[in-house]
Amino acid sequence: MDGIQFQMKPITIKMKLKKLVEKKISKVSGSSVDWVEEDSYFFKLSSWSEKLLKHYKDNKDFILPSSRKNEVVNFVEKGLKDLSVSRTSFSWGIPVPKNKKHVIYVWLDALTNYISALNFPDTNNKTYKKFWPANIHIIGKDILRFHAIYWPAFLLAAKLPLPARVFGHGWILSEDKKMSKSLGNILDPIEIIKRYGIDQLRYYLVKEVSLGNDGSISLENLKNCINNDLANNYGNLCQRVFSFVKKNCSNKIPKANKLADSDNKLLDHLKNNIPRLIELMNKQELNEYIKTVVSYSFDSNKYFNDSEPWSVKKKDPERMNAIIFTICEQIKNISILLNSIIPISTNKVLETMNIKKENRSINQITSLDCFDHDKELKDLDILFNKIEDDN
RNA sequence: GGCGAGGUAGCUCAGUUGGUUAGAGCACAGGACUCAUAAGCCUGGGGUCGGCGGUUCGAAUCCGCCCCUCGCUACCA
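Below, the structure is looked at part by part. Predicted model only: the values in this text are computed from it and were never measured.

## Section: the packing of aromatic side chains
What describes a pair of aromatic rings is the distance from one ring centre to the other and the angle between the planes of the rings.
Right, so step 1: Evaluation of the coordinates by the stated rule reveals 14 aromatic pairs.
Right, so step 2: Here F90 and Y105 contribute two aromatic rings whose centre-to-centre distance is 4.9 Å and whose plane-to-plane angle is 80°, an arrangement assigned as edge-to-face. Linking F90 in the loop between β8 (86-87) and β9 (94-96) with Y105 in the loop between β10 (99-104) and α3 (108-116), this pair joins segments that are 15 residues apart in sequence.
Right, so step 3: Y105 sits in the partly exposed class, given a relative accessible area of 27%.
Right, so step 4: Three or more aromatic residues joined by ring pairs make a cluster, and in this case those are F90, W92 and Y105.
Right, so step 5: Cation over ring: K141 sits above W171, and NZ or CZ is 4.1 Å from the ring centre.
Right, so step 6: Over the ring of F75 we find R145, and its NZ or CZ is 4.5 Å from the ring centre.

Written out as structure tokens, the structure reads:
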């Protein structure tokens, strides 16, 4: 803590505003609450209200989602009270310099971990330089205030750079209810992953849960989501196309000499949307992102149906090649767009298509044709097994 | 109590500054096809847009009142 110089002096505080007349018990735990008085150092949070408000105003997306931002701004506008940051009643905690009775405890010590873990106060340290200031803190909505008010105030006081963004995410509910032992509706993520698969769970959570809001895991919806979007749509699209390539194109992605309007329409629709997709990603609007991307998979299945490569292959093999090239290009692009959401599955697809790792970035999508047309496709097992009803 | 968000098809939601028969996905019911995980494609049924009243030629969209749901309302992280 030597790197941060706060001006602090010990004063006596009372932990509760009202004297307890009767024995009180905690609403949450039911245990009895005792009246305590002790000396404490205070962080002068009260003098940072205006500077924080200015920071929120100057940095529009510092707190996301905006509904949460409103709560925080509302809270700060009411005026902040100084914050007790030390205790004398126990010894674990960070010793206060020059006063051995006190240890630093509660938020000041906790939040500082973000930079002490990066070797602060050595601000020339490589790790610190690389990771601070952070691009984003993604934290639960229940600890937003501490990250959006206390932490920036501490950093401002220490004249250190602030993280670029604090995002308060919602909670995952089980069948619309908060998970609790007494209700018996706890969902064990490890069990779900074992049964449904890790990519499948990731996909479901990102798609069905708007990151800023609470979302619900319903096993029925999870099943539907896996079967429809992943197995029947994206997974089966890959399967039907690769199988067609194997049977009709010597298992190599053909070159296209001339693309038809319908081919370009399919490809351009995706490519023209890349800036918007990047924007959605940058604002953590992941569910909108994923819904947009999966719609390309729907479009692709329709395109494949309408183009009927199986019926043009004898009459017009050139045309068939253009169709197969187009659909492969599209599968590649969709796979890249989904790569951060379902990395294991999409990497299998990209591997099958012999796409080099350096060609798997979103920036590569607009550059046409990075296929090795002389190399055979690798075999691809079923990507997503369908979930059957068994309960 | 105060401040804020929201109530739209069975479910999850989208609906730009008010404008023609209110949309999507899932679920449900039919149909044609076959390259594919009996997958994909096409068509259809289904909504008094929380309630009442008002402004307007016209309101899911604006105004008022009411009902309901949710979030925040400081020193446990």
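## With respect to the environment of L144
Right, so step 1: Relative to the helices and strands, L144 resides in helix α5 (residues 144-157).
Right, so step 2: Take L144: its relative accessible area is 3%, and that puts it in the buried class.
Right, so step 3: Between the C-alpha atoms of L144 and L64, which are 80 residues apart in sequence, the distance is 9.9 Å.

What counts and how
Residues numbered from 1 in each chain as written. Chains lettered and ligands numbered in written order. Predicted model: local features only at pLDDT ≥ 70, side-chain atom pairs only at ≥ 80, totals over all residues. Heavy atoms only, no water. Phe/Tyr/Trp six-rings, centres within 6.5 Å; stacked < 30°, edge-to-face > 60°. Helix = DSSP H or I, 4+ residues; strand = E, 2+ residues; numbered from the N terminus. Buried < 20%, exposed > 50% of the residue type's maximum accessible area, 1.4 Å probe, protein only. Lys NZ or Arg CZ within 6 Å of the ring centre and 35° of its normal.

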